[in-house]
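Topology and contacts: notes
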Amino acid sequence: MNIHEYQGKEILKSFGVRIQEGIVAETPEQAVEAAKKLKEEYNSDWVVIKAQIHAGGRGKGGGVKLAKNLEEVSQRATDIIGMQLVTPQTGAEGKKVNKVLVAQDVYYPGESETKEFYVSVLLDRAKGRNIIMYSTEGGMDIEEVAEKTPNLIFKEEIDPKVGLQGFQARKIAFNLGLTGGAHKEMVKFVAALYKAYDSTDSSMFEINPVLKTSDDKILAVDAKVDLDENALYRHPDYAALRDVTEEDPTEVEAGKSNLNYVKLDGNVGCMVNGAGLAMATMDIIKIAGGEPANFLDVGGTANAETVKAGFNIILKDPNVKAILINIFGGIVRCDRVAQGVIDAYQEIGNIPVPIIVRLQGTNAAEAKKLIDESGLQVYSAIQLKEAAELVTKVLKG
């Protein structure tokens, strides 16, 4: 589960990670008040207005602006709040900005130059260990750094038996070229960051940039946090941070029906029980000359209600020209699924696209008979090859 920058920073702060302080605002008036408060508490004459959406590259799209006075704060907030922000990670349609973070200026002049770094904590699935990935090239697209100068990216593996060790945190600070007070600050920063990642059951903490200020403080200027949805039952306070306005509305609706749904760009809707079978079904659709319009796993207990919910979700996509239902009757009997399809079809009424139902497993023959005798615009199949041929047939029309 992705969360906003300001929410990620609050989590970091609760674990002792120094952050760029800020206040969330939903209107230009609130932004001005936030700027006044930052001036009072942190003596920050300038502030940064940062769009809060679940996507990176906000600065490139005009979603991060510096404001040097209250008039500029109001104008920048007016420009950003409500805009459709397009970044390399949002796609061409962009995302609407509903709120901004008014953040203190941390690039103030001082005894030494400011310096930006990249630090992230994530799981290396191949090795089954958490790693800290870091680079001297902060504030840039880390993918670009990895492609052009891979020698500037370092990785530190964490042994799960003992966790992050002090010598590893010191090694990271040393490799980043830090000395003196900045070195000590980075060691504390890395230790606190890893504790935050580990304690929150997160999938990733990415801080880009980590800033060394002109007075040798180390702090998080940005925070991209991905919480593991499978562990949210242990963190109800973090589950409450979810912002459904940042998610695909159809995927949110599917989640309410306990359906695993991901929208794709094709023309054949899929309804399948089991993720592996869903992947195979999408392959079959492509072989048949179509393109999958979605990934939809209804789980092991497909019935009239789940089938109906699946139909309603798939039919929200205007690009869908056919629907392929592919159910393996292991836990659930095929004839019950077939009856569920018939009941759902009759309850919804007219479904404007052809439906291919492939049922295999317990009572598959009985299920095919139910479908064939229903009198509905539904094609039945037992073999996957038959289903593929029917997809080809209906697409050619």
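For the structure itself, consult the block above.
Report on the accompanying structure. All values reported here derive from a predicted model rather than from experimental measurement.

Let us now look at the layout of surface pockets. For the largest pocket, the calculated volume is near 1400 Å³. The wall of the largest pocket is formed by 50 residues, among which Ala-55, Gly-56, Gly-57, Arg-58 and Asp-222 lie closest to the centre. Mapped by element, the contributors of at least two residues to the lining of the largest pocket are strand S2 (47-51), strand S5 (95-96), strand S7 (115-124), helix H4 (142-148), strand S10 (202-212) and strand S12 (224-227). For the lining of the largest pocket, the leading source of residues is S10, giving four residues. Roughly 490 Å³ of volume is contained in the second largest pocket. Around the second largest pocket, the lining comprises 16 residues; the ones closest to its centre are Glu-229, Arg-242, Glu-247, Glu-251 and Tyr-261. If you list the elements that add at least two residues to the lining of the second largest pocket, you get helix H8 (249-256) and strand S13 (260-263). Across the lining of the second largest pocket, the residue classes tally to five nonpolar, five polar and six charged.

Under the counting rule described, the total for this entry stands at zero disulfides. Not engaged in a disulfide, the cysteine Cys-270 finds its nearest cysteine sulfur in Cys-334; these two sulfurs lie 18 Å apart.

A few words now on the pattern of salt bridges. A complete count under the given rule lists 26 salt bridges for this structure. A salt bridge links Asp-216 to Lys-212, with the shortest nitrogen-to-oxygen separation between them at 3.1 Å. Taking the relative accessible area as the measure of exposure, Asp-216 reaches 29% and is therefore partly exposed. Several salt bridges share partner residues, and in doing so they unite Glu-5, Lys-9, Lys-50, Arg-58 and Asp-222 into one network.

With respect to the helices and strands, Ile-132 occurs in strand S8 (residues 129-135). With relative accessibility at 1%, the residue Ile-132 sits in the buried group. Ile-132 sits 26 residues away from Val-106 along the chain, and the two C-alpha atoms are 24 Å apart. Apart from residues lying up to four places away in sequence, Ile-132 is in contact with Val-119, Ser-120, Val-121, Phe-154, Lys-155, Glu-156, Ile-158, Leu-164, Ile-172, Val-190 and Tyr-194.

The strand order across the open sheet formed by four strands is S1-S6-S2-S3, and the pairing between neighbours is antiparallel. Of all the strands in the sheet, the pair left with one neighbour each is strand S1 (22-25) and strand S3 (64-67). Direction aside, neighbouring strands of the sheet carry axes that sit 25 degrees apart on average. Across five bridges, the pairing between S2 and strand S6 (residues 100-104) is antiparallel. Bridged to Lys-50 within S6 is Leu-101. Across the sheet, helix H1 (residues 5-14) touches S1, S2 and S6, and the angle it forms with S6 is around 50 degrees. Against the sheet, helix H2 (residues 28-42) makes contact with S1, S2 and S6, and its axis sits at roughly 20 degrees relative to S6, the strand it touches most.

Reading the values: the criteria
Residues numbered from 1 in each chain as written. Predicted model: local features only at pLDDT ≥ 70, side-chain atom pairs only at ≥ 80, totals over all residues. Heavy atoms only, no water. 1 Å grid on protein atoms, 1.4 Å probe; cavity = no way out; pocket = protein on both sides within 12 Å on 5 of 7 lines; lining within 4 Å. Points joined across faces, edges and corners; volume = space filled by probe spheres on them. Helix = DSSP H or I, 4+ residues; strand = E, 2+ residues; numbered from the N terminus. Nonpolar A, V, L, I, M, F, W, Y, C, P; charged D, E, K, R; others polar. Disulfide = S-S within 2.5 Å. Salt bridge = Lys/Arg side-chain N within 4 Å of Asp/Glu carboxyl O. Buried < 20%, exposed > 50% of the residue type's maximum accessible area, 1.4 Å probe, protein only. Contact = heavy atoms within 4.5 Å. Pairing = 2+ DSSP bridges. Axes fitted to C-alpha atoms, helices over the stretch in contact; angles between N-to-C directions.

Nothing here speaks to function; it is geometry throughout.
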